[in-house]
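Tertiary structure, described
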Amino acid sequence: MQHHELWQAVLGEIELQISKPNFLTWMKHSQLIEKKEESGVALVGLPNNFAKEWVKNRYHKIILGSLRNFDSSIKNVTYAVVHQNTAPIKEVVSASDKKHDDSPNTPLPLELKIDPKSNLNPKYDLSSFIVGSSNELAYAAIQAVIKDVGKKYNPLFVYGGVGLGKTHLLQAAGNEISHIYKRSVSVLYVTSEKFLNDVVSSIRNKRMEDMKKKYRDVDVLIIDDIQFIGGKATTEQEFFHTFNALYEHNKQIILSSDRAPSAIPTLEERLRSRFEGGMIVDIAYPDYEMRLAILKTKIQNQRVIMDEKTIEYIASKVQRNIRELEGVLNKVVFYTQYKDSLIDQKKLDEIINETTHVSSRNITAQEVIKSVADFFEVPVNDLINRSRKKEIVEPRQIAMYLLRDMLKLSYPHIGEKLGKRDHTTVIHACEKISKDIMQNSPLNQKIILIKERLFKT
Ligand code: ADP
Ligand code: MG
């Protein structure tokens, strides 16, 4: 059990470091078999020799590093082939997952249940999707589509930043449609990467007809992360024809993207206007309340106990990404259970920082100030000089808050940098912003966007 938990925590960390397809292909079926106490060697099992070699050659460093993060007594890792039926992977099956399971006595590991025909993963369902102000529109649109497949919003285009629940929502919609309409409605879920691969290989193998059949015979086509088809002419063309064929027959199309159609620079104009002809909804960053709700629900589902202060602290710190929120939660749960100790502030901050990559790059005070100034379109000089213009007040307070929160500069130092203010003014500003973030979602969004830009540069 301990091994299983340690490995879940490690996987949670690795998932953030490698691409999703790679994670699903190579790491998803791995397990920690044993840890030799004397030598500190951990043995990791993979389902076949190919996977074993691949993982060993490509991910050894990440695996060792991550294991050592959680258990510093681990010195090395070796790999072995372990067939899954001899040592089945335990999966946590949530109450809502069980609902659709027609053979409750023999629950299979979830990854074995991905439906080969639809590509849908049953772990995503609507009942575990938490709805708040940042995603209620997207949720409502999905509900409408489920109710009126192909008729109401077509295509439905959902966009939003990384880790904000697009895949969850799209897959859950697919699952719900399959569940309600059973065999009368066929659903196909693919990532745009998969679609692209299919186009390329069907051209190479001269099997365009198969490809057409596969994509044009469905009633609901869901394509995740459609932004990746932008700029790939053949794929766009094929998608355009698929789109038209489905659309003309009132088949439902659901798409997701990390940005709005108008912001995908390489997207062909005719595709863009097709997308814009349907319903476009965005998923914004979750506000504090919602982050808290998500944490509490996940904690409840995992049947663990965590003190209120820690939960609130995590919710206040991890703002940009629900996947990271889950990652931090899993690590904290693991830490408190595996080490059997309460987590202290230092460790908590460490986990949050490494998961949210806050410390991945040395951001300077100048960069922070400049990005705030750019964001609000005010001159940098107004922020750093004594300007008392009204429109400077909020940007300057935000800059103070960010310098404190991200760079941990001292209050007097921050005061010195921004308008020669007294340190009590800085403390007041930092406290005010921290408090406002909790209640005021537009302010929160601004701060997240400023941080986002800082991390992207
Ligand atoms: P995206 O596709 O937008 O990058 P995902 O759908 O993969 O994001 O979501 C990342 C993680 O966060 C997933 O584990 C997902 O289940 C979880 N998640 C996202 N949004 C919600 C939500 N509203 N309620 C519960 N879990 C969520
Ligand atoms: Mg996704």
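Read on for an overview of the structure. As the structure is a prediction and not an experimental result, all values here were calculated from the model.

With that out of the way, let us pick up the site of ligand 1. Residues in contact with ligand 1 amount to 17 residues; listed here are only the nearest, Ile 130, Gly 163, Thr 167, His 168 and Glu 326. The side chain of Arg 323 places a nitrogen or oxygen atom 2.8 Å from an oxygen atom of ligand 1. With the chains in place, 93% of the 550 Å² that ligand 1 exposes on its own is no longer accessible. Secondary-structure elements contributing two or more residues to the shell around ligand 1 are α6 (166-181) and α13 (322-338). Considered class by class, the residues forming the shell around ligand 1 number five nonpolar, seven polar and five charged.

Here we take up unusual backbone geometry. Phi is mostly negative for residues that are not glycine, and the peptide bonds are mostly trans. Residue Pro 155 is bonded to the preceding Asn 154 through a cis peptide linkage, with omega at -5°. Note that Pro 155 resides in the loop between α5 (136-147) and β4 (156-160). Here Lys 182, not a glycine, exhibits a phi torsion of approximately 50°, which is positive. Summarising the element assignment, Lys 182 is placed in the loop between α6 and β5 (187-191). Relative accessible area serves as the criterion here: at 55%, Lys 182 is assigned to the exposed category.

Before going further, it helps to examine the pairing of strand β7 (residues 252-257). Put simply, side chains in a regular strand alternate between the two faces of the sheet. Burial analysis of β7 places six of its six residues in the buried class, which makes it a mostly covered element. Along β7, one buried face is formed by Gln 252, Ile 254 and Ser 256 and the opposite face, lined by Ile 253, Leu 255 and Ser 257, is buried too. Sheet topology places β4 next to β7; four bridges connect them, and they run parallel. Each bridged residue has a counterpart across the sheet, and for Val 158 the counterpart in β7 is Ser 256.

Moving on to the sheet that holds β7. The five strands are arranged β5-β6-β7-β4-β8 in an open sheet whose pairing can be described as parallel. Of all strands in the sheet, those with a lone pairing partner are β5 and β8 (279-283), marking the two edges. Here the strands of the sheet are splayed against their neighbours by 15° on average, with no regard to which way each runs. Looking at chain direction, β5 and strand β6 (residues 220-224) are connected through five bridges and run parallel. In the strand pairing of β6, Thr 191 is matched with Asp 224.

What follows deals with the sheet that holds strand β3 (residues 76-81). Where strands meet in a sheet, backbone hydrogen bonds hold them as pairs that are either parallel or antiparallel. Pairing is mixed in the open sheet, where three strands are placed in the order β1-β2-β3. The open sheet is flanked by β1 (31-36) and β3, the only strands paired with a single partner. Along the sheet, successive strands turn relative to each other by an average axial angle of 25°, direction set aside. Two strands pair when backbone bridges link them, and β1 and strand β2 (residues 41-46) are joined in this way by five bridges, in the antiparallel orientation. Its bridge partner lying in β2, Lys 36 is registered against Val 41. The strands touched by helix α1 (residues 2-17) within the sheet are β1 and β2, with β1 carrying the most contacts at an inclination of about 120°.

Quick look at α6 now. Here α6 contains 16 residues, and its C-alpha end-to-end distance of 22 Å stays within 8% of the 22 Å for a straight helix at 1.5 Å per residue. Of the positions making up α6, those classed as buried are Lys 166, Thr 167, His 168, Leu 169, Leu 170, Gln 171, Ala 172, Ala 173, Gly 174, Asn 175 and Ile 177. Directly after α6, the chain includes Lys 182, whose backbone phi takes a positive value near 50°.

Once that is clear, we can look at the packing of aromatic side chains. A full pass over the atoms with the stated rule returns 10 aromatic pairs. Seen in terms of ring centroids, Phe 195 and Tyr 215 are 4.8 Å apart; in terms of plane orientation they differ by 80°. Their pairing is edge-to-face. A residue pair is termed long-range when its members are at least 10 positions apart, and Phe 195 in helix α7 (residues 192-204) and Tyr 215 in helix α8 (residues 208-216) qualify at 20 residues. On the accessibility criterion, Tyr 215 (1% relative accessible area) is buried. For the pair Phe 239 and Phe 275, a centre-to-centre distance of 6.0 Å together with 65° between the ring planes defines the contact as edge-to-face.

This next bit is on the pattern of salt bridges. All told, the structure shown has 24 salt bridges when counted by the stated rule. Of the charged contacts in the structure, one is a salt bridge between Glu 13 and Lys 331, with a shortest N-O distance of 3.1 Å. Here Lys 331 lies in helix α13 and Glu 13 lies in helix α1, a separation of 318 residues in the sequence. As far as the burial class goes, Glu 13 and Lys 331 line up, both buried. The partner of Lys 35 in a salt bridge is Glu 37, and the shortest N-O contact between them spans 3.5 Å. By relative accessible area, which is 59% here, Glu 37 ends up exposed. Because the salt bridges share partners, they merge into one network encompassing Glu 13, Lys 331 and Glu 354.

Next up on the list: the packing of helix α11 (residues 288-301) against helix α12 (residues 308-317). Any two packed helices are characterised by how steeply their axes cross, that is the angle between the axes, and by the distance between the axes. Their axes nearest at 9 Å, the elements α11 and α12 cross at an angle of 130°. With respect to their mutual orientation, α11 and α12 come out oblique. Crossing handedness for the pair α11 and α12: right-handed. Between α11, through Tyr 288, Arg 291, Leu 292, Leu 295, Lys 296 and Ile 299, and α12, the contact on the second element is made entirely by Glu 308, Ile 311, Glu 312, Ile 314, Ala 315 and Ser 316. Considering only residue class, the contact of α11 with α12 consists of seven nonpolar, one polar and four charged.

On to the packing of α8 against helix α9 (residues 233-248), then. Taken N-terminus to C-terminus, the directions of α8 and α9 make an angle of 45°; their axes are 10 Å apart at the nearest point. Considering the angle they form, α8 stands oblique to α9. Relative to α9, the crossing made by α8 is right-handed. Where α8 approaches α9, its residues Met 208, Met 211, Lys 212, Tyr 215 and Arg 216 are matched on the opposing element by Glu 238, His 241, Thr 242, Ala 245 and Leu 246.

Rules and cut-offs
- Residues numbered from 1 in each chain as written.
- Chains lettered and ligands numbered in written order.
- Predicted model: local features only at pLDDT ≥ 70, side-chain atom pairs only at ≥ 80, totals over all residues.
- Heavy atoms only, no water.
- Near = heavy atom within 4 Å.
- Polar contact = N/O pair within 3.5 Å; in protein donor to acceptor, adjacent residues only side chain to side chain.
- Areas by Shrake-Rupley, 256 points an atom, 1.4 Å probe, with all protein chains shown as cover.
- Helix = DSSP H or I, 4+ residues; strand = E, 2+ residues; numbered from the N terminus.
- Nonpolar A, V, L, I, M, F, W, Y, C, P; charged D, E, K, R; others polar.
- Buried < 20%, exposed > 50% of the residue type's maximum accessible area, 1.4 Å probe, protein only.
- Pairing = 2+ DSSP bridges.
- Axes fitted to C-alpha atoms, helices over the stretch in contact; angles between N-to-C directions.
- Contact = heavy atoms within 4.5 Å.
- Expected span 1.5 Å × (residues − 1).
- Phe/Tyr/Trp six-rings, centres within 6.5 Å; stacked < 30°, edge-to-face > 60°.
- Salt bridge = Lys/Arg side-chain N within 4 Å of Asp/Glu carboxyl O.
- Parallel < 35°, antiparallel > 145°, perpendicular 65-115°, else oblique.
- Left-handed = near helix turned anticlockwise from the far one by under 90°.

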